[in-house]
Amino acid sequence: MAGHGTEEHPHGADRLCDAGDRVYSRAVRRGRLPRRDAEPVPCLLDLALLHPDPDDMDWLVPTSPQEVMTRLLRGVHDEVSASQRRVGSAVAAFEWYAALGPTERPGAGEGAAIRVLDGLARIQAAMDEATEACTREVLTVQPGGIRPEHELTEGLHRALALRARGVRMKDLYTHVARHGHGLLNYLELMGDAVEARSLDEVIDRLILFDRTVAFIPANADRTLALELRHPALVGYLATTFDRLWRLAIPLTAPLPDTGIEGISHREQSIAALLAEGHQDAVIAERLGISVRTCRAHIARLSETLGAASRTQLGVRIAQVGLEGPRDPADRVSLPDQGSPTVR
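Residues numbered from 1 in each chain as written. Predicted model: local features only at pLDDT ≥ 70, side-chain atom pairs only at ≥ 80, totals over all residues. Heavy atoms only, no water.

Pairing within the open sheet is mixed, and its eight strands lie in the order β4-β10-β9-β8-β5-β6-β7-β11. Every other strand in the sheet has two partners, leaving β4 (114-118) and β11 (249-250) as the edge strands with one partner each. As paired elements, strand β8 (residues 206-209) and strand β9 (residues 213-217) share three bridges and run antiparallel to each other. What sits directly across from Leu208, in β9, is Ala214. (Pairing = 2+ DSSP bridges. Helix = DSSP H or I, 4+ residues; strand = E, 2+ residues; numbered from the N terminus.)

The following block contains the structure:
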C-alpha cells in the first residue's frame, strides 16, 4: 500500500494533492469517514493522516492537525540540524585547505588577473577606481576617426584629476582625429600634461594606468570590457604601445609629404590597404573614416594615377610604389604616358 501511494501521490503531508486535501478536510470536519471514500487517495494512509477506527474497521478517523503539525515541525528541525552539521563539516574542511595557501589573498575586485566588466556603468566605475589609484602615467589608444565632443567631455573629469596629481598622459590617435576641433580644444585645455601623436591606423582601444592595469574592449559595441592586471599581459600591451608611439607623429607636427606628386598622405594609406586586397568598408574602419569618404579618395586616387578600373588601379599603385612604406627622400612624378620615374 505504501509503495502504491508514493507512486500515485509523490508528496508529503505539507503539500497534499487536491484529492487528498478534499478527503482529509472532510474527515476532520466529520470526525471520521467510510474507508471506501479514501480508496482514491492512499497517500492519506501512507502519510498516517488517516487510520482505522478501532471500533469499526470499515471507517477511518483523521490524525489531528495539531499532531500532524508537530510531526512536520520535528522533521523540519531534524533536516535543519542535519544541514547545519553538513555546513559545519564543509567549513572545517575548506578552512584546512585555505590554511595551505598564502595567509593574505587579494580580493576578486582588487587582484584578479582578468576581470570581465559587464555594462557601461561597471566599466565606468572600474575606470574611475583606476584613475584614483594612478600616480605616474596613463597611456591610451583611441581608434576611429574624429572623436565626438561628448566622448571627450565624459572623460574630461578623469583627465583633470590626473593632471592635478602630476600624472603624465600619452594619447595615440589616427591621423583623421587631427581634424576634430574638440580634440584640439581638449589638448589645449590639458596643456603639457598630455602628449598626443597619430598614425595612419592604430590598434583597438587601450587604456593603461601606471603600466599595472589595462582596459580593453571585449565586444564590438564596447558594452563589455576586460580589466587586465596580469603582469605579462599588461607588459605586452605596454610594449605594443611604446613601439606604436615611436612610429607615430606628434599632433603638433604636420604629416610628412608622400613624395608623390598629387597624392595626399591619406590617399597613400588607402592605396597601401588596397594593395593588400582590403574592401572599402575595411579600409574605412581601419583609417577612421566613413566608407563614403574612403570611396571619394579612391576615385581621386584613380584619377590621379590614370586608372580606369580597380584592376588597373592596383597595377598603378604598385608601379608608383604606393603599396608600402617609402623613403621620404624619394619623389615620384607621374608623366602622362609611360612608366613613372623616380628622381
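Right, let's talk about helix α11 (residues 280-287) for a bit. Taken together, the buried positions of α11 are Asp280, Ile283, Ala284 and Leu287. Taken around the axis of α11, the buried residues stretch over an arc of 100°, which confines them to a single face. Buried residues in α11 make contact with β6 (168-174), α10 (265-275), α12 (291-305) and α13 (310-320). Remark: Gly288 follows α11 within two positions and exhibits a positive phi of approximately 75°. (Buried < 20%, exposed > 50% of the residue type's maximum accessible area, 1.4 Å probe, protein only. Arc of directions from axis to C-beta. Contact = heavy atoms within 4.5 Å.)

Residue position: Ala113 is located in the loop between α5 (108-111) and β4. Those residues within four positions of Ala113 in sequence are excluded, and the remaining contacts are Glu227, Leu228, Arg229 and His230.

Turning our eyes to something else, we now look at the sheet that holds strand β2 (residues 50-53). Taken together, three strands build an open sheet; the order of strands is β1-β3-β2 and the sheet is antiparallel. The outermost strands of the open sheet, each flanked by one partner alone, are β1 (33-34) and β2.

This next bit is on the pattern of salt bridges. Applying the stated rule across the entire model yields 13 salt bridges. Glu137 serves as the salt-bridge partner of Arg211, at 2.8 Å between the closest nitrogen and oxygen. Of this pair, Arg211 sits in the loop between β8 and β9 while Glu137 sits in strand β5 (residues 137-142), and the two are 74 residues apart along the sequence. For Glu137, a relative accessible area of 18% puts it in the buried group. Two residues, Arg222 and Asp204, come together in a salt bridge whose shortest N-O distance is 3.6 Å. In this pair, Arg222 sits in the loop between β9 and β10 (224-228) while Asp204 sits in the loop between β7 (194-199) and β8, placing the two residues 18 residues apart along the sequence. (Salt bridge = Lys/Arg side-chain N within 4 Å of Asp/Glu carboxyl O.)

At their nearest, the axes of α10 and α12 sit 10 Å apart, and the two run at 90° to each other. One way to sum up the angle between α10 and α12 is to call them roughly perpendicular. Residues Arg266, Glu267, Ile270, Ala271 and Leu274 of α10 form the contact with α12, whose participating residues are Thr293, Cys294, His297, Ile298, Arg300 and Leu301. A breakdown of the residues in the contact of α10 with α12 according to their chemical character gives six nonpolar, two polar and three charged. (Axes fitted to C-alpha atoms, helices over the stretch in contact; angles between N-to-C directions. Parallel < 35°, antiparallel > 145°, perpendicular 65-115°, else oblique. Nonpolar A, V, L, I, M, F, W, Y, C, P; charged D, E, K, R; others polar.)

Turning our attention to the pairing of β9. Buried residues dominate β9, accounting for four of its five residues. From the end of β8 to the start of β9, which pair antiparallel, there are three residues, and Asp210 there has a positive phi angle of about 55°. In the sheet, β9 pairs with β10 via four bridges, with the strands oriented antiparallel. Residue pairing for β10: Phe215 is matched across the bridge by Glu227. If you look at the hairpin formed by β9 and β10, you'll find six residues sitting between the two strands, and Arg222 has a positive phi there, around 60°.

In this section: the nonpolar core. In this structure, Val138, Met169, Leu183, Tyr186, Leu187, Phe209 and Phe215 are the most contacted members of the largest nonpolar core, which totals 26 residues. For this core, the elements supplying multiple residues, two or more each, are α6 (120-133), α7 (149-164), β6, α8 (181-190), β7, β8 and β9. Residues contacting Phe209, with those up to four places away along its chain left out, are Met127, Ala130, Thr131, Cys134, Glu137, Val138 and Phe215. Cys294, Leu301, Ile317 and Val320 belong to the second largest nonpolar core, which has 20 residues in total. (Core = buried A, V, L, I, M, F, W, Y, C linked by side-chain atoms within 4.5 Å.)

Next up on the list: helix α2 (residues 18-30). Here α2 contains 13 residues, and its C-alpha end-to-end distance of 19 Å stays within 8% of the 18 Å for a straight helix at 1.5 Å per residue. Looking at the residues trailing α2, positive phi occurs at Gly31, about 90°. (Expected span 1.5 Å × (residues − 1).)

Inspection of the secondary structure assignment puts His297 in helix α12. Residue contacts for His297: discarding those within four places in its chain leaves Arg266, Glu267 and Ile270.

So, on to the packing of α10 against α11. Helix-helix packing is characterised by the crossing angle of the two axes and by the distance between the axes. Interaxial distance between α10 and α11 falls to 10 Å at its minimum, and their mutual angle equals 135°. Here α10 lies oblique to α11, going by the angle between them. Crossing handedness for the pair α10 and α11: right-handed. Every residue of α11 that contacts α10 at Ser269, Ile270, Leu273 and Leu274 is listed here: Ile283, Arg286 and Leu287. The residue inventory of the contact of α10 with α11, partitioned by class, reads five nonpolar, one polar and one charged. (Left-handed = near helix turned anticlockwise from the far one by under 90°.)

As a further point, take unusual backbone geometry. One non-glycine residue, Ala48, adopts positive backbone phi at about 60°. For Ala48, the location among the structural elements is in the loop between α3 (43-46) and β2. One non-glycine residue, Asp210, adopts positive backbone phi at about 55°. Here Asp210 shows up in the loop between β8 and β9. A relative accessible area of 9% means that Asp210 is categorised as buried.

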